[in-house]
Amino acid sequence: MKAEVAVLRDAASGAEAHVLVSQGFNLFRWTAMPEGKPLEVLYAPAEFETGQLRPSKGGIPLLFPFPGRIAGTTFTWEGKQHELEPGDAFGNAIHGFVMWRPWRVIEKTENKIVGQFQASCDDPSLKARWPADFRITATYSLSGNALSAEYLMENPGETPLPCGFGSHPYFRVPLGGVDAAGCVVTLPVEAKWELVEMLPTGKKLKLAEAVDYQSGKAFGGLHLDDVFSDLTFHDGWTTTTISDPQSGRSIVQRFNDLFRECVVFTPPHREAICIEPYTCVPGGFGLGARGIDAGMRVLQPGESFMGRVEIVVQ
């Protein structure tokens, strides 16, 4: 299938964003124009726009109906087993279904795009892989050096829908400077979940270095693939930042309190950092049965929830 790419443009600033509609509605390129100079905000591998590369390796993959891993490739819900798709090096299912598949564009203007994926419409084979039908609608709006995102998750079916959602942006470092190691990352976190082979044990650990994360840590010292928790919200929003002291540029990401966890990943290539808002603990679907609140939602027929993310280049 030929790759389908949609382009957003902000006429006033000259900023552009590219969305790979045919593979997960991944917004994989965003060229901001601070002070009229182009700055590539997101990392994606060369030829990512062909749709032939793994979709979780760049841009902003969208993870639904489950973010992160589910142990093995079988998901049991209300006594029924559902065969998932293997996706990671450990033999686990990972990051849901929608990031791999083509979406539909349901609205498009010069600087705004709305995409949608519904399991029963866009890939009926998923009926056997998940307990209920599901629909996700993503809206991106580009204005100046700001990108706004809304993610609507719905249960359009007739049975309860267990689900969780995550956004997985790859932010480039450095931001116009020449030294990624000197970039400073701030995270409003107090705790993290213990992981064994990238799956949560159910134990949440207080961070001894929480103040350091909150005040800013150098990217050069960060080697992370962690699930942070106990985020600090003000008026329903929390803020993460990446700052480049050489260029004076910053990326400010705000997200609403629908997102209760934040996964942070530093890829081995060291050209990016992922700061990922999640509505639940990745891999935490089995924790609820043990009485541990991992954030999994169960939407009844007709119910929905919406996550909002705002990213600004300063």
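A brief look at the structure comes next. These numbers come from a predicted model, not from an experiment.

Of all hydrophobic cores here, the largest spans 75 residues; its most connected members are Trp30, Trp130, Phe134, Tyr140, Tyr151 and Ile273. Excluding residues that lie within four positions of it along the chain, Phe134 makes contacts with Phe64, Pro65, Phe97, Val98, Phe117, Gln118, Ala119, Leu126, Glu154, Pro156 and Leu161. Among the nonpolar cores identified, the runner-up in size contains 9 residues, and Leu63, Trp193, Val227 and Val281 belong to it.

Okay, the sheet that holds strand E12 (residues 135-143) next. Taken in spatial order, the 9 strands of this open sheet run E10-E11-E12-E13-E27-E23-E22-E17-E20, and their pairing is antiparallel. Since the sheet does not close on itself, it has two edges, and those belong to strand E10 (104-108) and strand E20 (217-218), each with one partner.

With 7 of 7 residues buried, strand E25 (residues 272-278) is to be regarded as a mostly interior element. Alternating positions in E25 separate into two faces, Ala272, Cys274, Glu276 and Tyr278 on one and Ile273, Ile275 and Pro277 on the other, with burial throughout. Inspection of the sheet shows strand E16 (residues 170-172) paired to E25 by 3 bridges, in the antiparallel sense. When the sheet's bridge partners are listed, Arg172 is paired in E25 with Ala272. Pairing geometry for strand E24 (residues 261-265) and E25, over 5 bridges, is antiparallel. Bridge pairing links Glu261 to Tyr278 in E25.

Applying the stated criterion to the full structure yields 21 aromatic pairs. Aromatic side chains Phe75 and Phe285 sit 5.6 Å apart centroid to centroid with 80 degrees between the ring planes, which places their arrangement in the edge-to-face category. On the criterion of sequence distance, the pair formed by Phe75 in strand E7 (residues 74-77) and Phe285 in the loop between E25 and strand E26 (297-299) is long-range, its members being 210 residues apart. For Phe285, a relative accessible area of 11% puts it in the buried group. Ring geometry for Phe97 versus Phe134: centroids 6.2 Å apart, planes at 15 degrees, classification stacked. Note that Phe97 is positioned in the loop between strand E9 (93-94) and E10 and Phe134 in the loop between helix H1 (119-122) and E12, a separation of 37 residues in sequence. By relative accessible area, Phe97 is classed as buried at 1%. When the ring centre of Tyr213 is taken as reference, the NZ or CZ atom of Lys217 above it lies at 4.5 Å.

Turning our eyes to something else, we now look at unusual backbone geometry. In this chain, Phe64 is followed by Pro65 through a cis amide linkage whose omega measures 5 degrees. Relative to the assigned elements, Pro65 resides in the loop between strand E5 (62-63) and strand E6 (69-70). Cis geometry is adopted by the peptide bond preceding Pro174, which originates at Val173 and carries an omega value of -5 degrees. Along the chain, Pro174 falls in the loop between E16 and strand E17 (184-186). Residues other than glycine seldom take positive phi values, yet Glu35 does so here, at roughly 55 degrees. The exposed category is assigned to Glu35, whose relative accessible area is 68%. Backbone geometry places Glu197, a non-glycine residue, at a positive phi of 50 degrees. Here Glu197 shows up in the loop between strand E18 (191-196) and strand E19 (199-206).

Here we take up the pattern of salt bridges. With the rule as written, the count across this model stands at 17 salt bridges. The salt bridge involving Glu85 is made with Arg101; its shortest N-O contact spans 2.7 Å. Of this pair, Glu85 sits in the loop between strand E8 (80-83) and E9 while Arg101 sits in the loop between E9 and E10, and the two are 16 residues apart along the sequence. The partly exposed category is assigned to Glu85, whose relative accessible area is 24%. Since its relative accessible area comes to 12%, Arg101 is described here as buried. A salt bridge links Arg254 to Glu310, with the nearest nitrogen and oxygen atoms 2.7 Å apart. One end of the pair, Arg254, is in strand E23 (residues 249-256); the other, Glu310, is in strand E27 (residues 304-313), with 56 residues separating them in the sequence. Residue classification places Arg254 among the partly exposed residues on the basis of a relative accessible area of 28%. Using a relative accessible area of 29% as the deciding quantity, one classes Glu310 as partly exposed. Salt bridges sharing common partners tie together Glu85, Arg101, Asp123 and Arg129.

Before going further, it helps to spend a moment on the sheet that holds strand E1 (residues 5-9). With respect to topology, 4 strands assemble into an open sheet ordered E1-E2-E3-E4, the strand pairing being antiparallel. Sheet topology places E1 and strand E4 (39-40) at the edges, where each strand pairs with a single neighbour. Relative to strand E3 (residues 26-32), strand E2 (residues 16-20) is paired through 5 bridges, and the arrangement is antiparallel. Bridge pairing in E3 places Ala17 opposite Trp30.

Scoring rules and cut-offs
- Residues numbered from 1 in each chain as written.
- Predicted model: local features only at pLDDT ≥ 70, side-chain atom pairs only at ≥ 80, totals over all residues.
- Heavy atoms only, no water.
- Core = buried A, V, L, I, M, F, W, Y, C linked by side-chain atoms within 4.5 Å.
- Buried < 20%, exposed > 50% of the residue type's maximum accessible area, 1.4 Å probe, protein only.
- Contact = heavy atoms within 4.5 Å.
- Pairing = 2+ DSSP bridges.
- Helix = DSSP H or I, 4+ residues; strand = E, 2+ residues; numbered from the N terminus.
- Phe/Tyr/Trp six-rings, centres within 6.5 Å; stacked < 30°, edge-to-face > 60°.
- Lys NZ or Arg CZ within 6 Å of the ring centre and 35° of its normal.
- Salt bridge = Lys/Arg side-chain N within 4 Å of Asp/Glu carboxyl O.

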